[in-house]
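# Structural features, examined
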Amino acid sequence: MYDRTFPENAVTAQDIKIEAKGVNVHYGDTHAIKDVSVDIQDKTVTAFIGPSGCGKSTFLRCFNRMNDTIDSARVTGDIRIDGEDIYDKRVDPVQLRAKVGMVFQKPNPFPKSIYDNVAYGPKIHGLAHTRADLDDIVEKALRRGAIWDEVKDRLQAPGTGLSGGQQQRLCIARAIATEPEVLLMDEPCSALDPIATGQVEELIDELRRDYSVVIVTHSMQQAARVSQKTAFFHLGNLVEYGDTDEIFTNPQDPKTESYITGRIG
Amino acid sequence: MPFYWTLATILGLAALGFFLGRHRAVASVGGERRKLHSLRKYYGINVAMKTLTPALGLLVVWLIAQPVIVEWRVSDLVAGTDVADTRVQTLVMVDVRRVANGLDTAVAAGVLSEADAASLTADSGTIRDTLGDAGVALGSDVSAPVLAAAQRYRTLSARADLTRTVAVLAVALLGLGWSLRETDGDFRARNVVEQGVRGLLIGAACIAILTTLGIVLSLVFNTIEFFRIYPASEFFFSTTWSPSFGGGSQLGILPLLWGTMYISLIALAVAVPIGLLAAIYLSEYASKRVRSVAKPALEILAGIPTIVYGLFALLTVGPMLMKVFGDGGLGWMQAGTAVMTAGLVMGIMLIPFVSSLSDDIINAVPQAMRDGSYGLGATQSETIRHVIIPAALPGIVGAILLAASRAIGETMIVVLGAGAAARISGNPFEAMTTVTAKIVSQLTGDADFSSPEALVAFALGMTLFVLTLGLNVLALYIVRRFREQYE
Amino acid sequence: MTDATAAAALAPKKSIITVDDRTQKRNAAEKRFRAYGIAAIAAGMVFLVVLLGSILLNGVTAFQQTFIQVPVYLDPAKVDKEGNRDPEEMAKVSTFGYKPLLIEAMAELVTERGIETEIAPGDMDALFSSSAVAQLRDRVLANPDLVGETVSFNILAASRVDGYLKDRVSRDSVARDKNIDAGHLDIVDALRAEGDVVKRFNWDFILGSDASESRPEQAGMGVAMLGSFFMMLVVLGLSLPIGVAASIYLEEFAPQNRLTDVIEVNISNLAAVPSIVFGILGLAVFIQFMEFPQSAPLVGGLVLTLMTLPTIIISTRAALKSVPPSIRDAALGVGASKMQSVFHHVLPLAMPGILTGTIIGLAQALGETAPLLLIGMVGYIATNYPDGISSGFLDPNSAMPAQIYEWAKRADPAYYERAWGGIIILLVFLFAMNAIAILLRRKFERRW
């Protein structure tokens, strides 16, 4: 429903949602991302993999300018979403982040009710004009987040009282409620148990229908399970980027191969 | 033997014990120090410790108990005068002590011989002059029972002093002998000494309990004393405060509580918004440079003594307010000292208190909350208002309660800046007074400590203590609950 | 679903380059909120500046005092009637006997400078401090050979004259003042032009003793400073060892039991008990029950010790906590006892932190006034320097903040100036102590 103006069949794997060219990120004196260029496709799950500290999360946080909130971080290079430079001076990061939602490593529900957690985004962006609208948006988001059935009877209960997996799905629902076009996920399952992980992965696969999803993960199995495209990062460099099947079965770069076979990591 | 000599002697014995113990330990293993269980100094310390501690303990207990017992023993001599009233008896005992001390001084100065002092009688009528010669001024003539009591007091004290010296020295020697006997190479001196040190540490930690106990006891006893001579119901429910040292005082706490609350309220109305907003700005917005200047600058306000704020209220803020609200301006204010003056200045004093507490609380809200909100496209102020403040609210409430407790207990600002009139009025430009200010004025006058006008200060202190303690306990509880939530 | 949401959903690919209305509004709200924060900080700064400004503005003048340079003929007929220059004989002449000399000398000075005045020579005493006479007498008694000579004296001007030079006293206010007339001020103006009346730095304000209510020009902080000094000795000598011992126990040895809990709760609550309550404790326990002398720095020190202990314990525990457990393990690992590991390794490493906390606690105690009021350190005129260590601890004295309070209560506005000046002295000490604490922390700060 979010892309009603585009006929379903026009959405092909060739639609580029995000283009990044020559991106560099510095934290103080540390050069965290070194000249990375990547094209992210729409309606696709793209996975960033690599050993910890390789910069994949940092790179992810460039897409919604979350790095702005860190004083020492400097981002250079060109990142375009739908052809618009997101580091353009005229861009308000607030508007950008409404368009590019994010889900974090640790579930971070606000210390508010489940309802208010989800309603927070629509409220600040003025997406609802009446209470009924808001109820509707909240319900849709919770359904989309595959958690509606579990919480529909206790919407006023605090979000912090849910289990870890439920909390993370709540956070995903919260991100969806602002009607984004891109969803960034920073190791969304790393704090979850295997069952909850399964549920979240299933949800990610679902979300691919409507969004361009970028997921950072340190689990190769997860990347293989949920993504169509995979980028492998090592020490701030993008080593290899391609179809997930290709990367896992026939890596071009020896470093990728070593990582996948477990020799580095 | 006077007190200082006793003390010096047991210290000397302990020092002697140290060397003896060390020597004995080494001798017991035939000079082969490796055979000792502990380093040799521990054997010395063990002996010194066991010589000193019991003797010192006895000395302290004795010093505290002796006057009480001696007074109790002489009290029957003055019993005839006026025992019906414990207050009067306390006064008589003060006289007895003063005369006894006077006689001591007179003997020391050589005006009286020891025998004269003991045989002096009241009808010789010259006691006052005699003591006057020795430089001891007595307020009134000495009555016979008082003189007799004073003489008995002296003999008893002298006897007790002697016994004390003997007993303390005996205990010290006993400790020395016993600990020397147990000293040999296998003796675990270090463990024993460490036990002793541990005891010392526990003792130091218990001083906190003793302090609280001291506060509670001194408040409770005097408050009970006060309520014995002044009805509690009138103290708590009367709306008039007019102490008169001639008697017939009306001592209702309500006007004082009203003044306290009113001033505190104004102080909080100044300090909370400014302190909170400053904390928010410093922790969420300010650049490192601004923070490194503004934060210490605000903390200077916290380091300035309250007497300075008091003077500031009296001499700067009061006259300043008078210019605007006084006769020359709006005409609402009669004098510079008023609720508004004290409240404003107290508010300034509390700004850094509120801001540094809130700063801690805001920083305790996890970064993940902020990230979550920014990730949804919230602006910084939306994040602060809708996420951080609600999350930090319990902690902020705790901080405000702590600030309120500070305001209620503040003394110097209200003593100098609020005026002295006890009244219940809604006009913030009128002078009012507070519980703390009245504690000061009731205890710094010339009233004797057993009059209701002085004792009421203890009841006021008790009220203040209970009030602030309650607020603190509540605040600490709330803050702890808040912190646990994010741990 | 209503149309509004549908419309929102129907507008995909919203450009992020153009800022929409709502975002503009939200950004305006953001700016406003930020402005509130800046306003709050600014308000705090303004308060600080006004406070420090009024202290400096009102207080610096206290460090200057007006003196009159006057040659005095020390008439033997008046100061040494026997004529044998025997100091003991001469001591019998009281200050009262010296007063005419000074009055005469003043009158002479006025005539000599050719100043026309309606002030009778006998009224010249309004010009100089009544302490000047004592100054004369002390000088003569110290050096009897001066008798019969004309000696130039540098005497304190009267408080009103001093106030006139400092703009505290105006000709308007003099009209209502029976201590001094406008004629006197004319003389002062003239003498000032001749250089006989000068304002100079006044060491006596810093080092001197307090004076009676009618002689503000003579009052100084020196004795109260000594009182504070002896109190701080008591506080340091008791609170540092007790505070450190208590902290070591609580941080390193205390088992998890009721006693420990009770102590912990006690300490955190004591830290927030109003200081006046500690004054009540001091009054009831030390003065009423134990019968220690009133107004003695020893008692003040004891009360302040109890008051600062919680602060010191809290900061000492923080310092001990910051020493990593690996240090303790290392000591235990080579066979030291727990006690040895604490005293040989942990305590020395924590010492800078402990000292910093102690200095800050001391600074707090130095500025504390309320408890001192109750144990009688106010209302007492501190004129005598303690003559020895035990007198320093036991004789009645004042303390710096108590002295300031005392001055603030006196009716003469000349004392207000002194109170402000006293605050400057007090703050200099406090800033110095805090600076030492900060330097100590910087120098020894250790990152584990």
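Residues numbered from 1 in each chain as written. Chains lettered and ligands numbered in written order. Predicted model: local features only at pLDDT ≥ 70, side-chain atom pairs only at ≥ 80, totals over all residues. Heavy atoms only, no water.

## A few points about the overall build of chain B
When you go through chain B residue by residue, the secondary structure sums to 18 helices and 2 strands. Over its C-alpha trace chain B gives a radius of gyration of 32 Å, far above what one expects of a compact globule, namely 23 Å for 487 residues. Here the C-alpha coordinates of chain B stretch approximately 85 × 75 × 35 Å along the principal axes. Buried residues in chain B amount to 50% of all 487 residues. Partitioning the intrachain contacts of chain B with sequence separation of at least 6 by distance along the chain shows that 73% fall at a separation of at least 24. In the form shown here, chain B has an accessible surface area of approximately 21500 Å², with 64% of it arising from carbon and sulfur atoms. Averaging the positions of the 35 positive and the 34 negative side-chain charges in chain B gives two centres separated by 14 Å. (Helix = DSSP H or I, 4+ residues; strand = E, 2+ residues; numbered from the N terminus. Rg over C-alpha atoms; globule rule 2.2 N^0.38 Å. Buried < 20%, exposed > 50% of the residue type's maximum accessible area, 1.4 Å probe, protein only. Contact = heavy atoms within 4.5 Å. Areas by Shrake-Rupley, 256 points an atom, 1.4 Å probe, with all protein chains shown as cover. Lys, Arg positive; Asp, Glu negative; His and termini not counted. Charge placed at Lys NZ, Arg CZ, Asp CG, Glu CD.)

## Concerning the UniProt feature "transmembrane region" (unreviewed entry) in chain B
Per the UniProt record, "transmembrane region" (unreviewed entry) is found at residues 43-65, 162-180, 200-223, 262-285, 297-320, 332-354, 387-408 and 454-479 of chain B. For residues 454-479 of chain B, the helix share is 100%, the strand share is 0%, and the end-to-end C-alpha distance is 38 Å. (UniProt positions renumbered as here; feature names shortened; annotations may be inferred.)

## Some thoughts on unusual backbone geometry
Residue and element names in this part refer to chain A. Notably, K43 is not glycine yet its phi reads approximately 50°, a positive angle. Within the element layout of this structure, K43 appears in the loop between β2 (30-41) and β3 (45-49). Backbone geometry at E187 places phi at a positive 45°, although glycine is not the residue there. You can see E187 is positioned in the loop between β7 (182-186) and α7 (194-207). Overall, the relative accessible area of 11% leaves E187 in the buried class.

## Focus: the pattern of salt bridges
Under the counting rule described, the total for this entry stands at 46 salt bridges over all chains. In this structure, E181 of chain A and K99 of chain A form a salt bridge, with 3.8 Å as the shortest nitrogen-oxygen distance. Linking E181 of chain A in the loop between α6 (164-177) and β7 with K99 of chain A in helix α2 (residues 93-99), this pair joins segments that are 82 residues apart in sequence. With respect to class, E181 of chain A is no different from K99 of chain A; both count as buried. One salt bridge connects R228 of chain B with E225 of chain B, and the closest N-O pair in it is separated by 3.9 Å. Of the two residues, R228 of chain B and E225 of chain B both sit in helix α8 (residues 189-229), 3 residues apart, roughly one turn of that helix. (Salt bridge = Lys/Arg side-chain N within 4 Å of Asp/Glu carboxyl O.)

## Digging into the packing of aromatic side chains
Residue and element names in this part refer to chain B. On inspection of all chains with the given rule, the structure shows 28 aromatic pairs over all chains. Judged by centre distance (5.8 Å) and plane angle (40°), the rings of F227 and F236 are tilted. Between F235 and F236 the ring centres are 4.9 Å apart and the planes differ by 70°, which places this aromatic pair in the edge-to-face class. Judged by relative accessible area, F235 falls into the buried class, the value being 0%. (Phe/Tyr/Trp six-rings, centres within 6.5 Å; stacked < 30°, edge-to-face > 60°.)

## So, the domain arrangement of chain B
When its domains are assigned, chain B resolves into domain 1 (3-187) and domain 2 (241-482). With centres defined by C-alpha atoms, the gap from domain 1 of chain B to domain 2 of chain B works out at 48 Å. (Domains from an automatic or database assignment.)

## Some details on the interface of chain B and chain A
Taken together, the contact between chain B and chain A spans 18 residues of the former and 22 residues of the latter. At the boundary of chain B and chain A, one finds 0 salt bridges. Taken together, the connections running from chain B to chain A amount to 4 residue pairs in polar contact (both at pLDDT 80 or more). Every element with two or more residues in the side of chain B that touches chain A is listed here: α14 (367-375) and α15 (380-409) of chain B. Tallying contributions element by element places α14 of chain B first for the side of chain B that touches chain A, with 7 residues. Of the residues belonging to the side of chain B that touches chain A, the class tally is 8 nonpolar, 8 polar and 2 charged. (Polar contact = N/O pair within 3.5 Å; in protein donor to acceptor, adjacent residues only side chain to side chain. Nonpolar A, V, L, I, M, F, W, Y, C, P; charged D, E, K, R; others polar.)

## Structural notes on a nonpolar patch on the surface
Judged by side-chain polarity, V60, L63, I64, V68, I69 and W72 of chain B together with F289 and M290 of chain C come together as a nonpolar surface patch covering roughly 780 Å² of accessible area. Looking at which element gives the most residues to the nonpolar patch, the answer is helix α2 (residues 40-74) of chain B, with 6 residues. With respect to the helices, strands and loops of the structure, L63 of chain B is situated in helix α2. (Patch = residues over 30% accessible without salt bridge, like charges linked within 9 Å, V, L, I, M, F, W, Y side chains within 5 Å.)

## Some details on the interface of chain B and chain C
Contacts between chain B and chain C engage 79 residues on the former and 74 residues on the latter. Summed over both sides, the interface of chain B with chain C buries roughly 6500 Å², with 79% coming from carbon and sulfur. The largest per-residue losses of area from chain B upon contact with chain C belong to L201, Y281 and L311 of chain B, which jointly make up 9% of the total buried on that side. The interface formed by chain B and chain C includes 1 salt bridge. For E382 of chain B, the salt bridge goes to R26 of chain C, with nearest N and O atoms at 2.8 Å. Run the count over chain B and chain C and you get 10 residue pairs in polar contact (both at pLDDT 80 or more). Among the elements that take part in the side of chain B that touches chain C, α8 of chain B stands out by supplying 19 residues, more than any other. Among the residues forming the side of chain B that touches chain C, the class breakdown is 53 nonpolar, 19 polar and 7 charged. (Buried area = accessible area lost by both parts, 1.4 Å probe.)

## Structural notes on the sheet that holds strand β3 (residues 197-201) of chain C
Residue and element names in this part refer to chain C. Spatially, β2-β1-β3 is the arrangement adopted by the 3 strands of the open sheet, whose pairing is antiparallel. The sheet terminates laterally at β2 (150-156) and β3, the two strands that pair on one side only. Strand after strand, the sheet turns through a mean of 35° between neighbouring axes, direction not considered. Sitting on the sheet, helix α5 (residues 95-112) touches β1 (64-73) and β2, and the angle it makes with β1 is about 95°. On top of the sheet, helix α6 (residues 131-142) reaches β1 and β2; it is set at about 140° to β2, its chief contact. (Pairing = 2+ DSSP bridges. Axes fitted to C-alpha atoms, helices over the stretch in contact; angles between N-to-C directions.)

## Describing helix α14 (residues 297-321) of chain C
Counting along an α-helix, one turn takes 3.6 residues, and residues three or four places apart therefore face a common direction. Residues and elements named next belong to chain C. For α14, spanning 25 residues, the distance from its first C-alpha to its last is 34 Å, which sits close to the expected 36 Å at 1.5 Å a residue. Its axis deflected by about 40° at T308, α14 carries its strongest bend there, up to four residues before the proline P310. Burial analysis of α14 places 19 of its 25 residues in the buried class, which makes it a mostly covered element. (Expected span 1.5 Å × (residues − 1). Bend = angle between axes of the 7 residues up to and from the residue.)

## Description of the pairing of strand β8 (residues 212-216) of chain A
All names here are of chain A. Counting buried residues along β8, 5 of its 5 residues qualify, which places the element largely inside the surrounding structure. The two faces of β8 match: S212, V214 and V216 on one face and V213 and I215 on the other face are all buried. Alignment of β3 against β8, held across 4 bridges, turns out to be parallel. If you follow V45 over to β8, its bridge partner there is V213. Sheet analysis places β7 next to β8, joined by 5 bridges and oriented parallel. Its bridge partner being in β8, D186 is matched across the sheet by V216.

## Comments concerning the packing of helix α10 (residues 254-285) of chain B against α15 of chain B
Residue and element names in this part refer to chain B. For the pair α10 and α15, the least separation of the axes is 10 Å and the interaxial angle reads 140°. By crossing handedness, the relation of α10 to α15 is classed as right-handed. Contacts from T260, M261, S264, L268, V272, L276, I280, E284 and Y285 in α10 reach Q380, S381, I384, I388, I389, I396, I400, A403, A404, A407 and I408 in α15. Tallied by class, residues from the contact of α10 with α15 come to 15 nonpolar, 4 polar and 1 charged. (Left-handed = near helix turned anticlockwise from the far one by under 90°.)

## A short note on the nonpolar core
Formed by 195 residues in total, the largest nonpolar core has its most connected members in I215, Y309, I439 and L460 of chain B together with F278 of chain C. Sort the elements by how many residues they give to this core and α10 of chain B lands first, with 16 residues. Apart from residues lying up to four places away in sequence, I215 of chain B is in contact with F465 of chain B together with L270, V273, V277, F278 and L281 of chain C. Membership of the second largest hydrophobic core comes to 44 residues, among which are I68, V110, I115 and F153 of chain C. (Core = buried A, V, L, I, M, F, W, Y, C linked by side-chain atoms within 4.5 Å.)

## A closer look at the environment of V29 of chain B
All names here are of chain B. Its place among the elements puts V29 in the loop between α1 (3-28) and α2. Residue class for V29 comes out buried when judged on its relative accessible area of 16%. In this structure, the C-alpha to C-alpha distance between V29 and G185, residues 156 residues apart in sequence, is 5.7 Å. Setting aside chain neighbours within four positions, we find V29 in contact with K35, L36 and G185.

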